[in-house]
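Chain residues, written in single-letter form:
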Amino acid sequence: MIKKIISFIYPLTRKIESVHNGILELTQLNGKVYLDTANTNYSYGSLQKILKFSLLQVDLSKAKNILVLGLGGGSVLKTIRKDFNYAGNITVVDFDPVIIDIAEKEFGITNDEKTTIICSDAVDFIRNTNESFNLIIIDLFIDNEIPKKILLPEFWKEIIKNTALDGYIIFNTLCKPFTDIKPIEDKLRKRGLDYKIFRYVENTNKVLIANCKPH
Ligand SMILES: C[S@@+](CC[C@H](N)C(=O)[O-])C[C@H]1O[C@@H](n2cnc3c(N)ncnc32)[C@H](O)[C@@H]1O
């Protein structure tokens, strides 16, 4: 409690080292805790606003099964549950045990009846699952970079395969540094999927939102 009060006067920052994500910073500011890396916000700051903006573009009314690739501090889970009143299943995948520990201890994100947290590489997970999801959120970063394998057609083939009919894909990327998503756009077009791209969301990010419409 005393830390929360001090955070209204000075930001309090704690650093945690991770093999996968480098130095992670937990900053308490004005009573709220944010998760950052050296060059970007991971959770509860602008990232949470970008994903909320993205969620407002999709229809979750019939959704029962959501996949989130990239846990961070789990801010999008709080948005989905609280702001969108979603009570269905959420599976979250992250390959960093340090992140999973932070999400639990600092932000109270744990496994429950409707939430499954899986420690795995996202590429391996999507390759090996047969589940169908009404929404897949791809929010995979190492600091301010998207791992190259996430941009490969093989990954997107699996993503599309696991998206339910009339389901959605939200892909959070960056305008700066520039992320080339043209090959992904080509793949989506070839497969007949509708998509939109929103640029400079929160002044920095580029978000691709696709819909697997029934034909
Ligand atoms: C921006 S954070 C996710 C934020 C989160 N969606 C939220 O709402 O708070 C990006 C996450 O991607 C994870 N990540 C990066 N590459 C990954 C991979 N290949 N497989 C699984 N997780 C990965 C990182 O460990 C990090 O936790």
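Each remark here, short or long, concerns the structure printed above.
Which parts of the structure should I look at to understand the overall build of the chain?
Broken down by element type, the chain carries 7 helices and 11 strands. Taking 215 residues into account, the globule formula puts the C-alpha radius of gyration at 17 Å, and the chain, at 17 Å, falls close to it. Oriented by its inertia axes, the alpha-carbon framework of the chain measures out at about 60 × 40 × 30 Å. When each of the 215 residues of the chain is scored for burial, the buried share is 50%. Put simply, of all contacts in the chain between residues at least 6 apart along the chain, 65% involve residues at least 24 apart. On the chain, roughly 11100 Å² of surface is accessible, and the fraction owed to carbon and sulfur atoms is 53%. With 29 positive and 26 negative side-chain charges, the chain shows a separation of 5 Å between the mean positions of the two kinds.

How should I be thinking about the packing of aromatic side chains in this particular structure?
Two aromatic rings are characterised by how far apart their centres lie and by the angle between their planes. A full pass over the atoms with the stated rule returns 4 aromatic pairs. Measuring from centroid to centroid gives 6.3 Å for Phe-155 and Trp-156, while their planes differ by 80 degrees, and the two rings are edge-to-face. Overall, the relative accessible area of 3% leaves Phe-155 in the buried class. Measuring from ring centre to ring centre gives 5.1 Å for Trp-156 and Phe-171, while their planes differ by 70 degrees; the resulting arrangement is edge-to-face. Placement of Trp-156 in helix α6 (residues 153–161) and of Phe-171 in strand β9 (residues 163–174) is noted, with a sequence separation of 15 residues between them. A relative accessible area of 0% means that Trp-156 is categorised as buried.

Even after reading the chapter, I still don't get the site of the ligand, so can you show me in this structure?
The immediate surroundings of the ligand are formed by 25 residues, with Ser-43, Ser-75, Val-76, Asp-94 and Asp-139 found nearest. One of the backbone N or O atoms of Gly-70 is found 2.9 Å from a nitrogen atom in the ligand. One of the backbone nitrogen or oxygen atoms of Gly-74 is found 3.3 Å away from an oxygen atom of the ligand. In the complex, 99% of the free accessible area of the ligand, which totals 600 Å², lies under the protein chains. In the shell around the ligand, the residues fall into 12 nonpolar, 8 polar and 5 charged.

The rules behind these values
Residues numbered from 1 in each chain as written. Predicted model: local features only at pLDDT ≥ 70, side-chain atom pairs only at ≥ 80, totals over all residues. Heavy atoms only, no water. Helix = DSSP H or I, 4+ residues; strand = E, 2+ residues; numbered from the N terminus. Rg over C-alpha atoms; globule rule 2.2 N^0.38 Å. Buried < 20%, exposed > 50% of the residue type's maximum accessible area, 1.4 Å probe, protein only. Contact = heavy atoms within 4.5 Å. Areas by Shrake-Rupley, 256 points an atom, 1.4 Å probe, with all protein chains shown as cover. Lys, Arg positive; Asp, Glu negative; His and termini not counted. Charge placed at Lys NZ, Arg CZ, Asp CG, Glu CD. Phe/Tyr/Trp six-rings, centres within 6.5 Å; stacked < 30°, edge-to-face > 60°. Near = heavy atom within 4 Å. Polar contact = N/O pair within 3.5 Å; in protein donor to acceptor, adjacent residues only side chain to side chain. Nonpolar A, V, L, I, M, F, W, Y, C, P; charged D, E, K, R; others polar.

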